[in-house]
Structure formats: C-alpha cells, structure tokens
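Chain and residue survey
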Amino acid sequence: MSIYDSLNKEQKEAVMHTEGPVLILAGAGSGKTRVLVHRIAYLIDEKGVPPYNILAITFTNKAAGEMRERVDKLVGFGADQVWVATFHATCVRILRRHIDLLGYDTNFTIYDTDDSKSLMKQVFKNIGIDNKQLREKTVLGVISAAKDELIDENEFEKTASDYVEQRIAACYKEYQKLLRDSNALDFDDIIFKTVTLFKTHPEVLDNYNERFRYIMVDEYQDTNTAQFELVRLLAQKYRNLCVVGDDDQSIYKFRGANIRNILDFEENYDDAFTVKLEQNYRSTQNILDAANSVIRNNYARKDKALWSDRGSGKLLHFRQFDTAYEEAEYIADDIAKAVKKGETTYSECAVLYRTNAQSRLLEEHFVKNGIPYNLVGGVNFYDRKEIKDMLAYLRMVDNAKDDLQVKRVINVPKRGIGQTSVDKVTDYAYRNGLTFFEACETADSIPTLGAAAKKIMAFANMIRVMRASVGDYGLNGLINDIIDKTGYVKELEESDEDDAKDRIENIYELVNKIVDYEENEPDAGLSGFLEEVALVSDIDGIDDSMPRALLMTIHAAKGLEFERVYLAGCEDGVFPSYLSIACEDDSELEEERRLAYVGITRAKDEFTATYARCRMNRGEIQYNPVSRFLKEIPKELIDNRLPGERRQWTDDFASIPQKEVSVAKVKPVALTKGMGIKKADKLDYTVGDRVRHVKYGVGTVLNIEDDVKDHKVTVEFDGTGKKIMYAMFAKLEKV
DNA sequence: CGTAGTTTTGTTTTT
DNA sequence: CAAAACTACG
C-alpha cells in the first residue's frame, strides 16, 4: 500500500513520468493539485531528487499556500526545501539577490496599480501631455501589454508608427526613468526584469538552472509571453518541465495570457509527454454535462469531456426575474432557506457574477436577510485610504528614493503643505537633480516657498528620525511611532465623520498584521513585510474560520469549489459582456464562454443560474435577453419552472432549438429585437418643442440623438435642469 | 491653503 | 449612480 494507490491511471502516469517535458491537461476538478503534490513526493521519495532541486510555480498566493501545506503533509522531511511560490514571489526573490546587475538597488519597492497611475500623472506633467488627449489608464494599459510581450521602452519607440504611439513611447521612456529614480518596479517589471536578468547574465541563469532541475507550473494556460519565456529559460538546461493547465479555463487574455502557450506546448517541446485528466471528482454528471455542452461551442480548444462517477445528481436550476432587485432577493432568500432546512451551510454557498458592480444589490439583500457573507474583491483591505497612507509612511522609511509615497502623505494629516508648495519642491528637485525628499530636507534654500519651508523641513526631519531608529525599535515600534508622531489616529478620533471609527479599527488591524509578521518572520524586516503586502491579492485574504457565503466574480472563483453555486446576471450584455458581443473578433466571446465553463464547474451539487429582465447600469435601465450560454445547455438538464412566476420569457427560452442557437451568430443588432419594447420610428415631438415628463415636469427638448436601440433625448427641464433620457422609458408628452 | 459644491466620466475581468 | 476631478469661494 503506497500513497500512490489512491490515484487513477492517468494521474499515476502524470506523477511517475518525471523526466523531460510533460503536459498535463487537467480538466476542472480533476485533482491536479493532488497530482502535483504527489509528483513532488514521488520525485523526492522514489527518485531521490533533493527537495532543494524542485520548483513549483503558481499564480496566486492561495494556491501556493495550499500546495505548500499539502507538500509538507505528504513529504515530511525536507519539504520546506521545495521552492513553492507564485510567479511574482519567485521573481522578487531572485531580483532581491541580483537586480544590482541591472542598475537597481536590491531593496527596490514594488508599485501597485495606484502607484503606477500617480507616477503616470507625473509623467504627463513632465513631458507636457494633456490628459484629455491621452488617458493615464490607456497609456499604462499599452505599456503593460508591451511589458507582457517583453518589449522595452527603446524597442517600443522604434516600432511606434503613428503620432499617438510615439507619444506613448515617450511616456514609456519617462515612466521607466521615474521608476528607476524611485528604485521601484511595477507589477509587470517583476517578471520582465527577471527575464532580462537571465538573458543578460547567463552565469546567474546557470546558477538557477542547476538549482531548479525539476520545475512544475500550475495554471499554465494563464501564462503570458513574459512568463512563458521565464519558464523556458529556467527549464532550458535539464528540460524537466511539467506544466499543468486547462485550455478551457484560460480566462486572463485581457491580462496578456496567451492560450497558445498551452495549445502549442507539444510543438514547442516536441518530445513532450501528454496526459489528459478527464475524470472529475467534484461535480455531479448533470453539472458536467451542462459545462461540457457550453464549452463544446468553442473552436480554439483541445477536445476533451469531463465525466464523473458521482451520478447524475439534481437538475440545474434556472430562475427568471423582472428586475435585478428581485434576483438578489431570491438568491439571498434561497440560501437562507436552504441553510435553515439544514441542506447546506453558508460556507458551502457562493454567488458568482461577471462584474464587481453586481455585488452591491446582492450585498444589500444578504444584510437584510442576516446572512453572513464575505465579499471577495471590490475594496481590498490594503486599498483602503487609511491603510495606503500608513503603508506610504512605511514605504517611505524603507526606500529613501520613493518620492511618490512622500508626496502622498506630506500633507496627511494636514500640515499646511498644499499643492502649490509640493509643486515648487518638485520643480526644485527636478532642476537640481535631487529626489523629492532631498529637496524637502533642504526646503529652506528654495526661495519661493516662504512660510511652508519650515513645515516641510519639520516633516522631512520626522521621517529622517524614523529611518534612523527602525533598527532599534523594530516594525511594531515603527508603526506605533508613525501613528503617534503623525497624529493620524488622533485626527480621526477628533473627526466627526461616521466612518472614522472603522478606519481607526483598520489601522489597528494593520498593526496586528505587522506584529504577526514580525513574530513569524523575525529576520525579514520592513522590506519583507511590504513585499508580502504588495503581492497579496483579494482571494488570498478570505477568512474561512467563520461559516460565510461568498460573493465574488467568476474570475475570483477559479480554483475554488462549493456545494451550491449561484450564477447571477445571466443576460446577454452582462454575461457575455456587451463588449464581447459587439466585438467583431469572436475570440472575445470564446473567452467569455470559458468563463461560463469555469463558473458552472465550481458547483459540486447544486447550480442555479438567475436572470433579470432589466437592471440598472450606470444610471440607465437596461433590458437584456437571456444569456446565450444558458441556451447552449440542453433543456433536459435544467429545471426551468417556478410556480406562480410569470412565464413570458420562459417560453421564449424553451422554444429556441438548441442546435440553432449554438451555431448561429447573433449579432448585437438582432439582440434588440424581441426584447419586448420597440424603438419608436418617429417621435411625436422634436427639438425645440415643449414636453412634459411624469417626474420632472415641463421642459424644452434640446437635442435628439438617434441611437441603435432608441432615441436619446436631451431635455432642459424648467425645475431640474438638463436631463438625457431614452425615449422609450421617458414617455414624454408634447404640450 | 482648505473646503464644499459642482461637473465629468466611466465598467469587464486582476497577478 | 457613484467616484473622481475640477472650480470657486472663504
């Protein structure tokens, strides 16, 4: 009896094929983490590979943590020597040792998206770009995409063809310069710089080639070009590369993930050994059949079909509502009822949706029904203002070149140092080749500053003293000193804002985290703490000590499983998103379909899809047809009845032949048909007419725009002023 | 310099 | 409908 007896035939093959390139195509719920963990154990116990020579890379900290735990359990002695980490954590660890070879200090700071945006604002100022012509976000998006493709600022400049691209190239250059001046890396740099390091310093790479003789990569379908290249380099010498993934679960194309990395693995490594894991240990056959019949409509995929020996189970449920409000009400109610009946526990329930914006209504109803829940995503703990402020102080102390943090908190709490003064110091620093902080230290020599100079120097002095004392009083001492000397909490205590109390609590929560960290990692220090904070994601923070239902996007749910799953907002225009429908390229729609596949396969026993005929979006009411993905599920698998409910759309749903729907391409224009409300051919009023609205009273029509769906009417109301509304809902009457 | 009040703008998805 | 960005005033 060995630990490998519990594996099925394919799993065993995957575990025992240890040499050379291996591709494991692991369907949802097919036990891929189990396979990886057993493979690590097999390498160590049966093949005598030193744990030190094994590397396992994941995408999320949660996945890494889970694998770490299971490896520790299964392997026992030496397990801690196995390197299990995320892509980003792996690269940061490597860079902390060697990045000086690329001209950065090894105590570099990691910038999050917020920091990058602030930095880009500075870039716009420096090179004179009006943010009305070009948005920071757009430019950052282009730069990020370039970095994912390993295109640096110089190469980008060379290939920039039109004017806009040239401007972006200029931004990219300045942005990288500012990053370097601040000794900071953004998220994409972490991977990019590691690849650069390996390419420019073969001796460093060789060192890691020797170390990592056996490499395993989880969620391989989500790798982008930079990550692909990183893995290729790491594995190039011994070629013992085992990648695990599921092309049907590739849902991060928008972040640069290249599905071809997994589809073409066998071409890139022509001696690759491939195993398919198709037996699912998670869901009932009905749920799998539904998922299979949806994903079957995708073109770009490797053929496979999940099966289960768990039996067919219950039917999937489909529930329709007039409004998103009723939808949320039903879901909350249904969970509450099921828990009351003892059918499930809160922690076995999850509500999934396409966009974070949908969480609000659900949350409201969960509160109303007293259901304990956790919202994953939305505002991350570390994204709260007060936490970011505290972190800015910490980061400022940690990295003297990080001007961004200095600017963030120089007037938080209020010290009477306004924007004008900050601009003057920035200007002075720029002209004299100083960092912003250095300029602050010598503020008295900036003539135009006047009374503010004294205040600025006092601030600089405070930070200097803190920096000098970190070594003496440790992290806990530092954070308390910051709270004390800045008077941040004091200001909150005296404030009469209603969320002041929460914020103070959050700050003390951060103090707790710091104390915890210091106890667990006594040698890591401030940089270590900040690094950990920079690399955590939303999903990592889930506290599963309490039984709580989870609300999250489908993206966030990848890799998780629940007894009961609710998929909310199953509407064409919401899921699949409007953009993916309108887009010419059907690869967008295929990505959405994979998302649907991920959503459905999260469920073990019960799956409920809900649909709201109309919902509020961006202050406008939207009417949407039932999601095309639901129509791809054979109707025998779905229980589609709800006693006492209206059946109008039910019939519509059932009457559409399955085949026709899955093959037919429904163009967005066609979608507006059959929606129940038709656009009026002609309105009985025109520009300049006086009209009456039920709520706003009488006004003058300023403009009428002919949209695809409806006429967009602008009216200047006598009482309330200008309003833009759709003719079909506004029901305006000529007077 | 700080604020309150006003206008504008935006939505996928996130390591 | 919010949040963010702007504007005008004390």
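Below is a short write-up of the structure. Keep in mind that what you see is a predicted model, and the values were worked out from it rather than measured. (Residues numbered from 1 in each chain as written. Chains lettered and ligands numbered in written order. Predicted model: local features only at pLDDT ≥ 70, side-chain atom pairs only at ≥ 80, totals over all residues. Heavy atoms only, no water.)

**A short note on the protein's contact with DNA strand B**
- In the neighbourhood of DNA strand B, 24 residues make up the surrounding shell, with Phe59, Lys137, Arg354, Thr420 and Ser421 lying closest.
- Protein-proximal atoms of DNA strand B, defined as those within 4 Å of the protein, fall in sugar or phosphate at a share of 57%.
- His88 places a side-chain nitrogen or oxygen 3.3 Å from a base oxygen of DNA strand B.
- With respect to DNA strand B, the side chain of Asn411 contributes an N or O atom lying 3.3 Å from a phosphate oxygen.
- Contributing elements (two or more residues each) for the surface near DNA strand B: helix 19 (419-432) and helix 27 (586-600). (Near = heavy atom within 4 Å. Polar contact = N/O pair within 3.5 Å; in protein donor to acceptor, adjacent residues only side chain to side chain. Helix = DSSP H or I, 4+ residues; strand = E, 2+ residues; numbered from the N terminus.)

**Points about the pattern of salt bridges**
- According to the stated counting rule, one finds 52 salt bridges in the structure shown.
- Between Lys388 and Asp114 there is a salt bridge; the shortest N-O distance is 3.5 Å. Of this pair, Lys388 sits in helix 17 (residues 385-398) while Asp114 sits in helix 5 (residues 113-127), and the two are 274 residues apart along the sequence.
- By relative accessible area, Lys388 is classed as buried at 7%.
- Note on Asp114: relative accessible area 44%, which makes it partly exposed.
- With a closest N to O distance of 3.4 Å, Lys304 and Asp246 form a salt bridge. Taken together, the residues Lys304 in the loop between helix 14 (285-295) and strand 9 (316-323) and Asp246 in the loop between strand 7 (241-245) and helix 12 (260-263) connect sequence positions 58 residues apart. (Salt bridge = Lys/Arg side-chain N within 4 Å of Asp/Glu carboxyl O. Buried < 20%, exposed > 50% of the residue type's maximum accessible area, 1.4 Å probe, protein only.)

**Side note on the packing of helix 14 against helix 27**
- Between helix 14 and helix 27, the shortest axis-to-axis distance is 9 Å and the interhelical angle comes to 175°. Judged by the inter-axis angle, helix 14 sits roughly antiparallel to helix 27. Together, Ile287, Ala291, Asn292, Val294 and Ile295 of helix 14 and Arg593, Arg594, Ala596, Tyr597 and Ile600 of helix 27 make up the contact between the two elements.
- By residue class, the composition of the contact of helix 14 with helix 27 is seven nonpolar, one polar and two charged. (Axes fitted to C-alpha atoms, helices over the stretch in contact; angles between N-to-C directions. Parallel < 35°, antiparallel > 145°, perpendicular 65-115°, else oblique. Contact = heavy atoms within 4.5 Å. Nonpolar A, V, L, I, M, F, W, Y, C, P; charged D, E, K, R; others polar.)

**Things to note about the protein's contact with DNA strand C**
- Around DNA strand C, a shell composed of Lys117, Lys121, Arg360, Met616 and Gly619 is seen.
- Between DNA strand C and the protein, one listed contact pairs a phosphate oxygen with a side-chain N or O atom of Lys121 at 3.4 Å.

**Regarding the nonpolar core**
- In this structure, Met120, Phe198 and Leu241 are the most contacted members of the largest nonpolar core, which totals 71 residues.
- Excluding residues within four positions of it along the chain, Met120 makes contact with Glu136, Val139, Leu140, Ile143, Cys171 and Tyr175.
- With 54 residues, the next largest nonpolar core counts Ile410, Ala443, Leu449 and Tyr517 among its residues. (Core = buried A, V, L, I, M, F, W, Y, C linked by side-chain atoms within 4.5 Å.)

**Looking at the pairing of strand 2 (residues 54-58)**
- Within strand 2, five of the five residues are buried, leaving the element largely enclosed by the surrounding structure.
- Looking at chain direction, strand 2 and strand 6 (residues 214-217) are connected through four bridges and run parallel. If you follow Ala56 over to strand 6, its bridge partner there is Met216.
- Across four bridges, strand 2 lies against strand 3 (residues 83-86) in parallel orientation. What sits directly across from Thr58, in strand 3, is Thr86.
- Since strand 2 and strand 3 lie parallel, the crossover through helix 3 (residues 61-75) that links them has a hand, and here it is right-handed. (Pairing = 2+ DSSP bridges. Right-handed = clockwise from strand over helix to strand, strands pointing away.)

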